[in-house]
Amino acid sequence: MSFSFAVLCDQIFPSTSTIVKACLASKESKPRYPKMGYAQLVIGPAGSGKSTYCSSLHRHCLDNGRTLHIVNLDPAAEHFDYPVALDIRELINLDDVMEELGLGPNGGLMYCMEHLEDNLDDWLAEGLEDYLDDDYIVFDCPGQIELFSHVPMLRNFVDHLKSKSFNVCAVYLLDSQFMTDVTKFISGCMASLSAMVQLELPHVNILSKMDLVTNKKDIEDFLNPEPQFLLSELNKRMAPQFAKLNKSLMELVDDYSMVSFVPLDLRKESSIRYVLAQIDTSIQFGEDADVKVKDFDPEDPQNDS
């Protein structure tokens, strides 16, 4: 009578066979780590340069051998300077909504975004199935400020991305041409702070269109603001009854250091690289990458002797 090797091991080395089987079972039952995706949610007022930012970021990553996918969430967009991985206009179009429902531009856009919210588990989930394993996605959002200040749609969108194992960062763009005086600076800070409170995400504030600024000194005063100077300028421009409010606003900006801006000059690769590094750090991109043995030089046998 002949015995297989496995049966022979069971009879001669029962304890060893049990250990081997247990190890194999443990290996098979070992839970897999969930896939992780990374995303930027590009928001900001209309005309702040969001689509231009997305286009420049895509070109920068392409030149540096880095993969990046861009998703358009603006149902009113007309053309793009970058390839679109997913487009909300495939789901719903603003012109069609305005024509069929008789809505204006703002009402029509809100209807489109609510329709997107209703289809997060279908259209969006299906579209993102191929973009999860360490993929990097940039969502180009509409410029209606209510979307990221008090309407819950984008917050629900963010929660959906988190449930799909995406690390998300909000990238808030503000036109540097807007920062011409202290009153507009405070207004921009409050709008950014409103988005931070609403979305509850890692937040990077960017001063866009720095290549169009003629006097960089005017902008530098707001990149590293001196609270007492700004308060003095604010009181000069506003009525005396707002003095206490001005003081409270400046204390909010200064004491908690919650709002700061990073300048972005799209003409300079170093500027794009710096902004991208800030965002990557906030979502921990690349921190869990596996070590590649081929990155290390082989040991020199002469040095071993």
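Look up: the structure comes first, before these words.
First, a word on what this report is: a plain description of the structure on this page. Predicted, not measured: the structure shown is a model, and the values here were computed from it.

What follows deals with the sheet that holds strand 2 (residues 69–72). Within the open sheet, the seven strands sit side by side as 3-2-4-1-5-6-7. Their pairing is parallel. Looking at strand neighbours, the two that pair on one side only are strand 3 (86–87) and strand 7 (261–263), the edges of this open sheet. Pairing between strand 1 (residues 37–43) and strand 4 (residues 136–140): five bridges, direction parallel. Counted as the bridge partner of Leu41 is Phe139 from strand 4.

With respect to the helices and strands, the residue Asp74 is situated in the loop between strand 2 and strand 3. Of the buried charged residues, Asp74 lacks a salt bridge, with Lys50 as the closest side chain of opposite charge at 7.0 Å. Contact partners of Asp74, with chain neighbours within four places excluded, come to Ile88, Arg89, Leu109, Asp140 and Pro142.

Where helix 3 (residues 50–63) contacts helix 12 (residues 269–282), the two axes come as close as 11 Å, and the packing angle between them is 95°. As the angle between them shows, helix 3 and helix 12 are arranged roughly perpendicular. Here Tyr53, Ser56, Leu57, His60 and Cys61 of helix 3 come into contact with helix 12, specifically with Glu269, Ile272, Arg273, Val275, Leu276 and Ile279. Each residue belonging to the contact of helix 3 with helix 12 can be placed in one class, and the counts come to seven nonpolar, two polar and two charged.

For the rest of this paragraph, the subject is the pattern of salt bridges. Counting across every chain of the model gives nine salt bridges. Two residues, Asp175 and Lys209, come together in a salt bridge whose shortest N-O distance is 3.5 Å. In this pair, Asp175 is assigned in strand 5 (residues 166–175) and Lys209 in the loop between strand 6 (203–208) and helix 9 (216–223), connecting sequence segments 34 residues apart. Linking Glu233 and Lys236 is a salt bridge whose minimum nitrogen-to-oxygen distance equals 3.4 Å. Note that Glu233 and Lys236 are positioned in helix 10 (residues 227–237) at a spacing of three residues, about one turn of the helix. Look at Lys236 and you get exposed, because its relative accessible area is 61%. Through salt bridges with shared partners, a single ionic network connects Arg155, Asp159 and Glu200.

This next bit is on a negative patch on the surface. Side chains of Glu78, Asp95, Asp96, Glu99 and Glu100 sit close together on the surface and give a patch of like negative charge. The residue Asp96 is located in helix 4 (residues 94–101) in this model.

Take the packing of helix 4 against helix 5 (residues 105–118) next. In the contact formed by helix 4 and helix 5, the axes pass within 9 Å of each other and the chain directions differ by 110°. Between helix 4 and helix 5, the angle is such that the two are roughly perpendicular. As helix 4 packs across helix 5, the resulting crossing turns out to be right-handed. Facing Leu94, Val97, Met98 and Leu101 of helix 4, the residues of helix 5 in contact are Pro105, Gly108, Leu109, Tyr111 and Cys112.

The rules behind the values
Residues numbered from 1 in each chain as written. Predicted model: local features only at pLDDT ≥ 70, side-chain atom pairs only at ≥ 80, totals over all residues. Heavy atoms only, no water. Pairing = 2+ DSSP bridges. Helix = DSSP H or I, 4+ residues; strand = E, 2+ residues; numbered from the N terminus. Buried < 20%, exposed > 50% of the residue type's maximum accessible area, 1.4 Å probe, protein only. Lys, Arg positive; Asp, Glu negative; His and termini not counted. Salt bridge = Lys/Arg side-chain N within 4 Å of Asp/Glu carboxyl O. Contact = heavy atoms within 4.5 Å. Axes fitted to C-alpha atoms, helices over the stretch in contact; angles between N-to-C directions. Parallel < 35°, antiparallel > 145°, perpendicular 65-115°, else oblique. Nonpolar A, V, L, I, M, F, W, Y, C, P; charged D, E, K, R; others polar. Patch = residues over 30% accessible without salt bridge, like charges linked within 9 Å, V, L, I, M, F, W, Y side chains within 5 Å. Areas by Shrake-Rupley, 256 points an atom, 1.4 Å probe, with all protein chains shown as cover. Charge placed at Lys NZ, Arg CZ, Asp CG, Glu CD. Left-handed = near helix turned anticlockwise from the far one by under 90°.

On their own, these measurements won't tell you what the molecule is for.
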